[in-house]
Amino acid sequence: MKLLITGGLGYIGSHVVLQAQRAGHEVVVVDDLSTGLTSRVDCQVVDVDLASEKALDVLHNLMNEHHFEAVIHLAARKQVGQSVEQPERYFKDNIGGLANLLLAMKEAGIKKLVFSSSAATYGIPEVELVPEDYPGIPINPYGQTKLIGEWMVSNASIWGLKGLNLRYFNVAGCEIPALADTAELNLIPIAIAAIKRGQSPKVFGVDYPTIDGSCVRDYVHVGDLANAHLLAVAYLEQSRQEHATFNVGTGIGASVLEVLAEIRVASGLDFELDMHPRRPGDPPKLIADTSRIENILSFKARHDLKEIVKSAWDASS
Ligand SMILES: NC(=O)c1ccc[n+]([C@@H]2O[C@H](COP(=O)([O-])OP(=O)(O)OC[C@H]3O[C@@H](n4cnc5c(N)ncnc54)[C@H](O)[C@@H]3O)[C@@H](O)[C@H]2O)c1
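Residues numbered from 1 in each chain as written. Predicted model: local features only at pLDDT ≥ 70, side-chain atom pairs only at ≥ 80, totals over all residues. Heavy atoms only, no water.

Caption draft 1: Geometry of the packing of helix α4 (residues 87-108) against helix α5 (residues 141-155). With their axes 9 Å apart at the nearest point, α4 and α5 run at an angle of 20° to one another. When the axes of α4 and α5 are compared, the pair comes out roughly parallel. When you trace α4 past α5, the crossing you get is right-handed. Side by side, α4 and α5 meet where P87, Y90, F91, N94, I95, L98, A99 and L102 of the first sit next to P141, Y142, Q144, T145, I148, G149, M152 and V153 of the second. Considering only residue class, the contact of α4 with α5 consists of 12 nonpolar, four polar and no charged. (Axes fitted to C-alpha atoms, helices over the stretch in contact; angles between N-to-C directions. Helix = DSSP H or I, 4+ residues; strand = E, 2+ residues; numbered from the N terminus. Parallel < 35°, antiparallel > 145°, perpendicular 65-115°, else oblique. Left-handed = near helix turned anticlockwise from the far one by under 90°. Contact = heavy atoms within 4.5 Å. Nonpolar A, V, L, I, M, F, W, Y, C, P; charged D, E, K, R; others polar.)

Structure (structure tokens):
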């Protein structure tokens, strides 16, 4: 199949590109190189900001040149704190970029789309395992752009689009070191970078109602997540369903202190922790109910936390 992958130079996108190519798909990437690295992929890369004025023309020409059967849309700004400080930029880039993509797909008659969404759409859920139908409300502009993006994808069924939203939980690890997460935005890369600098990793809050008082998250290996995209594309190919949303996680929670303990094991280093009070807006627990993706896409994460942490540590060495 010929696939257009937006954001394919990024941490997750490059894993999707790699797995798609290994599965025999032909891939073209669109990316503005804002956080992406060309060294991560071996395919045609078209450098354009999807939210820019010229994006529609560029996409139009690209889609005429290649007859893509499906699009996987990962390109987005993803820093929660930055989205609070610059909400307009997040709406312009994430929503505007998706709007341009949908307009171009409609014109070119491309009717299959997998959209990168996020567990940030749930806000602060008050359930042990979050199902896709949980009536969550995102608590920051980043999460809002993802929920609005999902609505845009579902509304496009009016012109025949079949769209799947994948709500990623906490993505970490890497398949090969060249594709490692270089941004220090999530717990595992932040903690590893601090340890490498000889600093103590920070822990925000140990008084939550969780197993050890620290926040609990669902860590999914980026290779498993990439595989979910290929399952999603295959499903779009054979299913009649127009629109669906899937959590992508493991269904298993790990606390901040448990993750840091795994980093001790992977690194062979003992380090102190730098304890801080809770941060506002951190849900105590965020764990996926994975029954829908397991039942419908036959997705099952194969890597556990140990493998996630080890791959991240080894890539940083
Ligand atoms: N990393 C996570 O834990 C996580 C969790 C949930 C959802 N997501 C979503 O997954 C997707 C990929 O995230 P990532 O972690 O790989 O981030 P990343 O920053 O590594 O990758 C994003 C890629 O998109 C490109 N890009 C960004 N805005 C663009 C634009 N307007 N036009 C063209 N290219 C653009 C960047 O250059 C980069 O290559 C994003 O949509 C993000 O919101 C990530």
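Next comes the rest of the write-up.
Caption draft 2: Broad picture of unusual backbone geometry. Although it is not a glycine, L33 sits at a positive phi angle of roughly 65°. Here L33 lies in the loop between β2 (26-31) and β3 (44-47). Judged by relative accessible area, which is 35%, L33 ranks as partly exposed. (Buried < 20%, exposed > 50% of the residue type's maximum accessible area, 1.4 Å probe, protein only.)

Caption draft 3: Molecular detail of the sheet that holds strand β14 (residues 285-286). In spatial order, the strands read β12-β9-β14; together these three strands make up an open sheet with mixed pairing. Two strands close off the open sheet at either side, each with one partner strand: β12 (254-255) and β14. In this sheet, β14 lies alongside strand β9 (residues 216-217) in parallel orientation, the contact comprising two bridges. Across the sheet, V216 pairs through a bridge with K285, a residue of β14. (Pairing = 2+ DSSP bridges.)

Caption draft 4: Region of interest: the site of the ligand. The environment of the ligand is formed by 28 residues, the closest being D31, T35, L74, K78 and Y142. A distance of 3.0 Å separates a nitrogen atom of the ligand from a polar backbone atom of D32. Here the ligand, which alone exposes 830 Å², has 95% of that area covered by the protein. A breakdown of the residues in the shell around the ligand according to their chemical character gives 13 nonpolar, nine polar and six charged. (Near = heavy atom within 4 Å. Polar contact = N/O pair within 3.5 Å; in protein donor to acceptor, adjacent residues only side chain to side chain. Areas by Shrake-Rupley, 256 points an atom, 1.4 Å probe, with all protein chains shown as cover.)

Caption draft 5: Focus on the domain arrangement of the chain. Once the domains are mapped, the chain shows domain 1 (2-171 + 219-248) and domain 2 (173-218 + 250-316). A C-alpha centroid distance of 23 Å is found between domain 1 and domain 2. Domain 1 puts 37 residues into the contact, and the matching count from domain 2 is 40 residues. It is Y219, H221 and D224 in domain 1 that bury the most area against domain 2; as a group they hold 24% of the surface buried on that side. At the junction of domain 1 with domain 2, the criterion picks out five salt bridges. (Domains from an automatic or database assignment. Buried area = accessible area lost by both parts, 1.4 Å probe. Salt bridge = Lys/Arg side-chain N within 4 Å of Asp/Glu carboxyl O.)

Caption draft 6: Fine view of the layout of surface pockets. What the second largest pocket holds in volume is close to 240 Å³. Contributing to the lining of the second largest pocket are 18 residues, with D181, P189, I192, A312 and S316 lying nearest its centre. If you list the elements that add at least two residues to the lining of the second largest pocket, you get β7 (170-172), α6 (187-196) and α10 (305-316). Broken down by element, the residue count for the lining of the second largest pocket peaks at five residues, all from α6. In terms of residue class, the lining of the second largest pocket is built from 12 nonpolar, three polar and three charged. (1 Å grid on protein atoms, 1.4 Å probe; cavity = no way out; pocket = protein on both sides within 12 Å on 5 of 7 lines; lining within 4 Å. Points joined across faces, edges and corners; volume = space filled by probe spheres on them.)

Caption draft 7: Structural view of the sheet that holds strand β4 (residues 70-73). Read across the sheet, seven strands follow the order β3-β2-β1-β4-β5-β6-β11 without closing on themselves; strand pairing throughout is parallel. Only two strands of the sheet have a single neighbouring strand rather than two, namely β3 and β11 (243-248). Strand-to-strand twist across the sheet, computed as the mean angle between neighbouring axes with direction ignored, equals 20°. Bridging between β2 and β3 involves four bridges; their strand directions are parallel. Looking across to β3, one finds that V29 is bridged to V45. With respect to the sheet, helix α7 (residues 222-238) is in contact with β1 (2-6), β4, β5 (112-118), β6 (162-168) and β11, its orientation differing from that of β6 by roughly 160°.

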